[in-house]
Amino acid sequence: MKQTILILFVVCSFMACRKTNIVEQNTTSLSAQKIIKDSLSPALFNSIDFSKTSSHVLQNGKSLYRFPLTDANNHYVIVITDQNGKYVNAKIIAVSGSFDLTSKNKTYNGTITTSFLNGAVSKEISIVNGLITSLHQVSNVQSNGLKQHPLFECADCTLPEVIVSSSYNSGGGIDWASWMSLLDLLGYDDDYGYYYSFDYFGGGGGSSGGGSGDVTTIDREYPENKTAIDPKKFMDCFGTIPDAGATCSITIATDLPVDGHPETFFNWNEQSPGHSFIELNKSTPYGGVSQDIGFYPNTSLKSLTGDYIAAKVVDNGGHEYQAKYTITVTPAQFQAAIDKVNSSSYKQYNLEFYNCTDFALDIFNAAGGNLDIPRHKIPNYEIDGGSNTPQGLYEKIAQLKSNGVAGTTTTQNKEYAGSSKGPCN
Amino acid sequence: MKNPLINFFANPITQVISFSIVLVGSPIFGGPYLYFVIGAGTHGVLYGMLGIAGIILTLLSLAVKAKGFVQVAGLLLMLFSLCVLFYNDPPENREITFGNVAAIATVCLFVLACVAVIIKTFQKWKNS
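Here we summarise the structure given alongside this text. All of these numbers come straight from a predicted model, not from anything done at the bench.

**Concerning the nonpolar core**
Phase 1 of the analysis: Membership of the largest hydrophobic core comes to 46 residues, with the highest contact counts inside it found for I250(A), I278(A), A337(A), A360(A), I363(A) and F364(A).
Phase 2 of the analysis: With seven residues, helix α7 (residues 356–366) of chain A is the largest single contributor of residues to this core.
Phase 3 of the analysis: Excluding its chain neighbours within four sequence positions, the residues that come into contact with I250(A) are I278(A), L280(A), I327(A), V329(A), A337(A), F364(A), A367(A) and G369(A).
Phase 4 of the analysis: Membership of the second largest hydrophobic core comes to 34 residues, among which are A10(B), Y47(B), C114(B) and A116(B).

Right under this line is the structure:
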């Protein structure tokens, strides 16, 4: 038995090992040097401090080399080679910038100049708040009632390409360092989140040196199976329909956790508390636009922490519902709802305080819905007064229906929302 | 064979903890399995009842004579509980667990505990 386990252990260990061919790495390193020797001017090549060369094998097998130039700080020759040491890309990179330590989220501002190895400038890239501006199309600024946020092209690409880290040094002061996503800078999609150290300075209390290693990996969170949308692009579609003669309506809909059982708070079979979403509709005799959207946590597995977590807005076209309430609104009220969508989509998800039902109610009430629903206490997350839930929304719509309020619908089975038009540019 | 690593992972407490922290959920709600086991168990849902029975049996193995047998019985109930959950779950719920690195890590931890319990029980059975 001892032997069996020993053999199993050895086999598992062997299988867990990754083959590393040191001879091959040295070969590729030499070929990287050869690439720059062939292409750089002799003066520039001679200013390389080869003793400070760093290399990093990427997960896709390619290697990234940084050859520091001694003529200035943060001046490097970057070479990417494939597994066989063959040239993939090479650029000279000069970084100049400064830390903005006055802002709440410490950021980095500056410029990065990339040049070809012959010295010709390839690109001048400006970095604002750590973001490479050319990679993010700042289309507008919206107010969420608290502070101004730039609207970027995609809702989830908010991790800056340049980030600032801090650490306590031995003197009790704080060391600041910037980390840059070089692959993003060179125009690659960095799926692995590699960040390379750049600028560094020690704060008060004395400095302890260059800080931690040369490269770090930052886990990037990708949205789960519900694809995030850019709500602004969805809302822009309504601008294509003139207000004059248009009929505007807003529908709030709820999908109960268990179909036909409004008394059930949670579907334990499917781990689902149900869902609430909103439908905006603007139509004229010549055509119209309808958009269904809902609010979700970006990573649902974090929802039980009870913390505010990153959220996303999702296209809920075709989503099932058991109750809905539709009101006709004026174009001005409709615009207020659109503004609310744009601002609320920046909010973070919280199981108790700001969930999908809160988001839907926010928009519905911004357009004059005046809907106040019964609140329920979520087991183990019981807050004073309870939380807004899809079940509470169903109860309210059922109550309105029994009072004869127009626009209310409930069903024992399920019905489906229409499809959304989708994004407009 | 006294392997401290196997002993650690085969411990009933480790087994219960690794089972409880498996991350499961739906696109809008998720977290440690224990939350769902207790909720579902108290509402008469099969995977919840199996899970609760599995936890009770496993903890019971700390106090009874036939430790190995009771612990393996608890382990089987736990495995059934997870199988019932994943079998009946909509595909998008399974994606939540098997599409997330942290969630996969928690599943792997539980699998490790299962393997350790089986190895330890087999060793005891062979030596007896």
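Don't stop here, the text continues.
**Digging into the interface of chain A and chain B**
Phase 1 of the analysis: Counting from both sides, the interface comprises 22 residues of chain A and, opposite them, 31 residues of chain B.
Phase 2 of the analysis: Secondary-structure elements contributing two or more residues to the side of chain A that touches chain B are α1 (2–16) and β16 (287–297) of chain A.
Phase 3 of the analysis: Partitioned by chemical class, the residues of the side of chain A that touches chain B number eleven nonpolar, seven polar and four charged.

**Section: helix α3 (residues 33–42) of chain B**
Residue and element names in this part refer to chain B.
Phase 1 of the analysis: For α3, the set of buried residues is Y33, F36, V37, A40 and G41. Buried residues of α3, seen end-on, are gathered within an arc of 120° and therefore sit on one face of the element.
Phase 2 of the analysis: The secondary structure elements touched by the buried residues of α3 are α2 (12–20), β1 (23–26), β2 (29–32), α4 (46–60) and α5 (67–88).
Phase 3 of the analysis: Note on α3: the residue one or two positions beyond its end, G44, has a positive phi of about 75°.

**Here we look at the sheet that holds strand β4 (residues 87–100) of chain A**
Residue and element names in this part refer to chain A.
Phase 1 of the analysis: Sheet architecture is open: seven strands sit in the order β1-β2-β3-β4-β5-β6-β7, paired in antiparallel fashion. Each edge of the open sheet is held by one strand with a lone partner, namely β1 (54–57) and β7 (131–132).
Phase 2 of the analysis: Note: strand β5 (residues 107–115) against strand β6 (residues 121–128), six bridges, orientation antiparallel. Residue T114 lies in a different strand from β6, and its bridge partner there is K123.

Definitions and limits used
- Residues numbered from 1 in each chain as written.
- Chains lettered and ligands numbered in written order.
- Predicted model: local features only at pLDDT ≥ 70, side-chain atom pairs only at ≥ 80, totals over all residues.
- Core = buried A, V, L, I, M, F, W, Y, C linked by C-beta atoms within 7 Å.
- Buried ≥ 20, exposed ≤ 12 C-beta atoms within 10 Å, placed from the backbone.
- Helix = DSSP H or I, 4+ residues; strand = E, 2+ residues; numbered from the N terminus.
- Contact = placed C-beta atoms within 7 Å.
- Nonpolar A, V, L, I, M, F, W, Y, C, P; charged D, E, K, R; others polar.
- Arc of directions from axis to C-beta.
- Pairing = 2+ DSSP bridges.

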